[in-house]
Amino acid sequence: MSKKLETAKQFYEACENGKGWEVCKQYCHPDATFSAQAGALDGISTVEGYTEWMKNLLTPIPDGHYELLFLAEDEDRNSVAACAVFHGTQTGPGGPVPPTGKTAAADYAYLMVFDGDLIKNMTKIWNDMITLQQIGWA
């Protein structure tokens, strides 16, 4: 496994397991940018902000976990892509409504662009409305 692919895998696992920026920052440039075309992530423009959002998501969805389906590197473009399904049930506090007990299975992808051996940009591709509907938040 290449250094970039290993870094991306370690970042992905830390981020998806809610470790937050304190753990994830070792895999990223300090000013790494973030983008997504999802209303739930509106206003988040840094990888730091996104990793903290993921950490906080595990409060209302404490059993949240991922099923990694694909992880690959494009050496020519200095990028790594990850595709997965996020699973979880909204049983904890902190959501926009009291716990619904409803479960989500959300398909999503990360595109991580590197500068050297560190992530400089991450894009999340996710249909947040489907997920929000599944857990009863929309």
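Structure first, text after, so check above.
Fair warning: this is a prediction, and the values are worked out from it, not measured in the lab. (Residues numbered from 1 in each chain as written. Predicted model: local features only at pLDDT ≥ 70, side-chain atom pairs only at ≥ 80, totals over all residues. Heavy atoms only, no water.)

**Student:** Account for the overall build of the protein, naming residues and giving values.
**Tutor:** When you go through the protein residue by residue, the secondary structure sums to 4 helices and 5 strands. Listing each helix as α and each strand as β along the protein from the N terminus yields α-α-β-α-β-β-β-β-α. For 138 residues, the compact-globule estimate of 2.2 N^0.38 gives 14 Å, and the protein sits close to it at 15 Å. Split into buried and exposed, the 138 residues of the protein put 41% on the buried side. Of the contacts formed within the protein by residues at least 6 apart in sequence, a portion of 59% connects residues at least 24 apart. (Helix = DSSP H or I, 4+ residues; strand = E, 2+ residues; numbered from the N terminus. Rg over C-alpha atoms; globule rule 2.2 N^0.38 Å. Buried < 20%, exposed > 50% of the residue type's maximum accessible area, 1.4 Å probe, protein only. Contact = heavy atoms within 4.5 Å.)

**Student:** Can you break down the nonpolar core residue by residue, with the values?
**Tutor:** One broad trend across soluble globular proteins is that nonpolar side chains are buried collectively. Ranked by size, the top nonpolar core spans 35 residues in total, and within it Phe-11, Tyr-50, Tyr-110 and Met-112 carry the most contacts. Counting residues per element, the ones that place at least two in this core are α1 (3-16), α2 (20-24), β1 (28-36), α3 (47-57), β3 (79-89), β4 (103-115) and β5 (118-126). The contact partners of Tyr-50, leaving out residues within four places of it in the chain, are Cys-15, Glu-16, Phe-34, Leu-41, Ile-44, Tyr-110, Met-122 and Lys-124. (Core = buried A, V, L, I, M, F, W, Y, C linked by side-chain atoms within 4.5 Å.)

**Student:** Please give an account of the side chain of Ser-79 that cites residues and values.
**Tutor:** Locating Ser-79 in the fold gives a position in strand β3. Note on Ser-79: relative accessible area 9%, which makes it buried. Within the structure, Ser-79 has its side chain in polar contact with the backbone oxygen of Arg-77 (distance 2.9 Å). The contacts of Ser-79, once residues within four sequence positions are left out, are Ala-72, Glu-73, Asp-74, Leu-111, Met-112 and Val-113. (Polar contact = N/O pair within 3.5 Å; in protein donor to acceptor, adjacent residues only side chain to side chain.)

**Student:** Let's hear about the pairing of β3: which residues, and what values?
**Tutor:** Where burial is concerned, most of β3 is hidden: 8 out of the 11 residues are buried. Pairing analysis gives 9 bridges linking strand β2 (residues 65-74) to β3, with the strands arranged antiparallel. Across the sheet, the residue bridging to Leu-71 is Ala-82, located in β3. (Pairing = 2+ DSSP bridges.)

**Student:** Any chance you could break down the environment of Met-1 for me, citing the residues and the numbers?
**Tutor:** Along the chain, Met-1 falls in the segment before α1. Linking Met-1 and Ala-72, residues 71 residues apart in sequence, is a C-alpha distance of 9.9 Å. Those residues in contact with Met-1 that sit more than four places away from it in its chain are Glu-6 and Lys-9.

Just distances and angles here, no functional claims.
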